[in-house]
Amino acid sequence: MPHAPVIRSDVPGTFAWGVFHERHPALVRQVLAALPYGPTERAAVERLLEESTTGVLETLPADAPDAAQWLRWGEGRWGKPWGEAPFLWAESYFYRRLLDATGYFRPGAWQGVDPFAPFKATELGGTAVDGELAALDGLDALPHDRRAHALLSSALWGNRADLGFRITARADGTTPSDLLADDSALLWAALERADGGRVCVVADNAGRELLPDLVLIDHLLAHGLASQVGLFVKPQPYFVSDATMTDVLAALDRLRTAPSRAASDIGERLWRAMGDGALVVRTHPFFCAPLPYHDLPADLRADFAGAALTILKGDLNYRRLVGDRLWPPTTPFADATGHFPSAVAALRTLKSDVVVGLDPATLTRLDSTGTPWRTTGHHAVIQVAAPR
């Protein structure tokens, strides 16, 4: 692959700079308002915010359970400004340090308390979700191809356009300019070729965005497109809304207790699928590592290598898959993902700078708009590649 610069957050005015100097301060205010943290936790969170914007990288406490691992990951970076570290690395470390500041890992009353749980619960319990789940009752009336398209589209767009809209609309509700690359036909073909093999799904967000992922998984199992689905989630709270096992259980409960008959049936099938091993929820420390998937550890690489297809959801997984670099956007997706050990599909709405796999005409059109099209979440890609 051609060389491309690693994205960093030390250039004022860039998206990455804005994450640290605008998004994180707003997030910190929300976290401290959402739970009644004490003076110790509040002071630690404020110190982290100051350090991450004007200070230098400090190591984790020596007694932190993963202190030695982070020392290795950060070798050569400690004592240097945060902005000099790769954006992906620094952003990951911010969330790890936020957990430390709120007492997530320390013995005490706040140990194990997800600082983002109030946000997740509010979203999952919102009235908008009721309408989306009710719309599942219309699934069986759709022709097979249209049903599959609606479910894939819902998993792609997450909460930008709800599941009910995807199912009931005559079209999918987006324009050709919204979907910048569409390999959906290749994705379904890969699943057909898999002949009921094992499929991996690497989750992104919890709450309202996890629900259509679970509905899509049910579709794969119920229609014989997968004999087993491995659903991979984060081992700890991460990037505000990323899904953990607790979030999977909450989403399943939301489905099972929904007034919608179709939703509750899906929830019950998935519950049984977990019990009989057809749906296996997995995690690994690497999913909260500050590293690209090029650096997969051997055990996780072997796990993915045995899959007929791995579906990666969301923006962060995309950044880790292709490398968080300023690649020329016309770089072929297959070139950027040739390291991955299985056939891989990315379902991603664009919320950061990195993107590959666009055709020159699309790139010219987007650049001519003069808008920050890479980071608004208004565009998406479905991209598929086989291993080399």
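Residues numbered from 1 in each chain as written. Predicted model: local features only at pLDDT ≥ 70, side-chain atom pairs only at ≥ 80, totals over all residues. Heavy atoms only, no water.

**Observations regarding the environment of Leu180**
Here is step 1 of the chain: By the secondary structure assignment, Leu180 is in strand 1 (residues 179-182).
Here is step 2 of the chain: Using a relative accessible area of 7% as the deciding quantity, one classes Leu180 as buried.
Here is step 3 of the chain: For Leu180 and Leu366, which are 186 residues apart along the polypeptide, the C-alpha to C-alpha distance reads 9.6 Å. (Helix = DSSP H or I, 4+ residues; strand = E, 2+ residues; numbered from the N terminus. Buried < 20%, exposed > 50% of the residue type's maximum accessible area, 1.4 Å probe, protein only.)

**Points about helix 10 (residues 210-222)**
Here is step 1 of the chain: Taking 1.5 Å of rise per residue, 13 residues should cover 18 Å, and helix 10 covers 18 Å from first to last C-alpha, within 8% of that figure.
Here is step 2 of the chain: Within helix 10, 12 of the 13 residues are buried, which leaves it mostly tucked inside the rest of the structure.
Here is step 3 of the chain: A positive backbone phi angle near 70° is found at Gly224, which sits one or two residues after helix 10. (Expected span 1.5 Å × (residues − 1).)

**Section: helix 16 (residues 360-368)**
Here is step 1 of the chain: Of all the positions in helix 16, only Thr362, Leu363 and Leu366 are classed as buried. End-on, the buried residues of helix 16 take up no more than an arc of 100°, which puts them together on one face. Facing away from the buried side of helix 16, by more than 90 degrees, are the exposed residues Pro360, Ala361, Thr364 and Ser368.
Here is step 2 of the chain: The inward-facing, buried residues of helix 16 contact strand 1.
Here is step 3 of the chain: Two or three places before Ala361, at the start of helix 16, stands the capping residue Asp359, its side-chain oxygen 3.1 Å from that residue's backbone nitrogen.
Here is step 4 of the chain: The first or second residue beyond helix 16 is Gly370, which carries a positive phi of 70°. (Arc of directions from axis to C-beta. Contact = heavy atoms within 4.5 Å. Polar contact = N/O pair within 3.5 Å; in protein donor to acceptor, adjacent residues only side chain to side chain.)

**Considering the sheet that holds strand 5 (residues 309-313)**
Paired through their backbone hydrogen bonds, the strands of a sheet run either parallel or antiparallel.
Here is step 1 of the chain: Pairing within the open sheet is mixed, and its seven strands lie in the order 1-7-6-5-2-3-4. Every interior strand has two partners, whereas the edge strands, strand 1 and strand 4 (279-283), have only one. If you compare each strand with its neighbour and ignore which way they point, the axes differ by 15° on average.
Here is step 2 of the chain: As defined by bridge partners, strand 5 adjoins strand 6 (residues 344-349) across four bridges and the pair is classed as parallel. When the sheet's bridge partners are listed, Ile311 is paired in strand 6 with Ala345.
Here is step 3 of the chain: Each of strand 2 (198-202), strand 3 (228-233), strand 4 and strand 5 touches helix 10; the most contacted strand, strand 3, lies at about 160° to it. (Pairing = 2+ DSSP bridges. Axes fitted to C-alpha atoms, helices over the stretch in contact; angles between N-to-C directions.)

**With respect to the confidence of the model for the protein chain**
Regions with low pLDDT should not have their predicted coordinates read in detail.
Here is step 1 of the chain: Per-chain confidence: the protein chain averages 93 in pLDDT, with 94% of residues scoring 70 or above.
Here is step 2 of the chain: When the criterion is pLDDT under 50, residues 161-172 qualifies, and its contacts beyond four places in sequence or with other chains add up to 31 contacts. (pLDDT = per-residue confidence, 0-100.)

**Concerning the packing of aromatic side chains**
Here is step 1 of the chain: Scanning the model with the defined rule gives 24 aromatic pairs in all.
Here is step 2 of the chain: Consider the rings of Trp78 and Trp89, whose centres lie 5.7 Å apart with planes at 65°: the pair is edge-to-face. Taken as a pair, Trp78 in the loop between helix 3 (67-73) and helix 4 (87-101) and Trp89 in helix 4 lie far apart in primary sequence, 11 residues in all.
Here is step 3 of the chain: Directly above the aromatic system of Phe286 lies the positively charged group of Arg320, at a separation of 4.6 Å from the ring centroid.
Here is step 4 of the chain: Geometry around Tyr293 places Arg320 over its ring, the cationic atom sitting 4.9 Å from the centre. (Phe/Tyr/Trp six-rings, centres within 6.5 Å; stacked < 30°, edge-to-face > 60°. Lys NZ or Arg CZ within 6 Å of the ring centre and 35° of its normal.)

**Things to note about the packing of helix 1 (residues 15-34) against helix 4**
Here is step 1 of the chain: One can describe the packing of helix 1 onto helix 4 by two numbers: an axis separation of 11 Å at closest approach and a directional angle of 10°. Classified by the angle their axes make, helix 1 and helix 4 are roughly parallel. Residues Phe15, Ala16, Val19, Phe20, His24, Leu27 and Val28 of helix 1 lie in contact with helix 4, whose contacting residues are Phe87, Ala90, Glu91, Phe94 and Tyr95.
Here is step 2 of the chain: Residues of the contact of helix 1 with helix 4, tallied by class, amount to 10 nonpolar, one polar and one charged. (Parallel < 35°, antiparallel > 145°, perpendicular 65-115°, else oblique. Nonpolar A, V, L, I, M, F, W, Y, C, P; charged D, E, K, R; others polar.)

**Quick word on the pattern of salt bridges**
Here is step 1 of the chain: One pass over the full model with this rule turns up 18 salt bridges.
Here is step 2 of the chain: Lys120 is paired through a salt bridge with Asp114; the nearest N and O atoms lie 2.9 Å apart.
Here is step 3 of the chain: Taking relative accessible area as the criterion, Asp114 reaches 13% and is therefore assigned buried.
Here is step 4 of the chain: The salt bridge involving Lys234 is made with Asp242; its shortest N-O contact spans 3.0 Å.
Here is step 5 of the chain: Taken together, the shared-partner salt bridges connect Glu91, Arg319 and Asp324 into one network. (Salt bridge = Lys/Arg side-chain N within 4 Å of Asp/Glu carboxyl O.)

**A closer look at the pairing of strand 2**
Here is step 1 of the chain: Strand 2 sits mainly inside the fold: five of its five residues count as buried.
Here is step 2 of the chain: Along strand 2, one buried face is formed by Arg198, Cys200 and Val202 and the opposite face, lined by Val199 and Val201, is buried too.
Here is step 3 of the chain: As defined by bridge partners, strand 2 adjoins strand 3 across five bridges and the pair is classed as parallel. Residue pairing for strand 3: Val201 is matched across the bridge by Leu231.
Here is step 4 of the chain: Relative to strand 5, strand 2 runs parallel, the two sharing four bridges. Note that in strand 5 the partner of Val199 across the bridge is Leu309.

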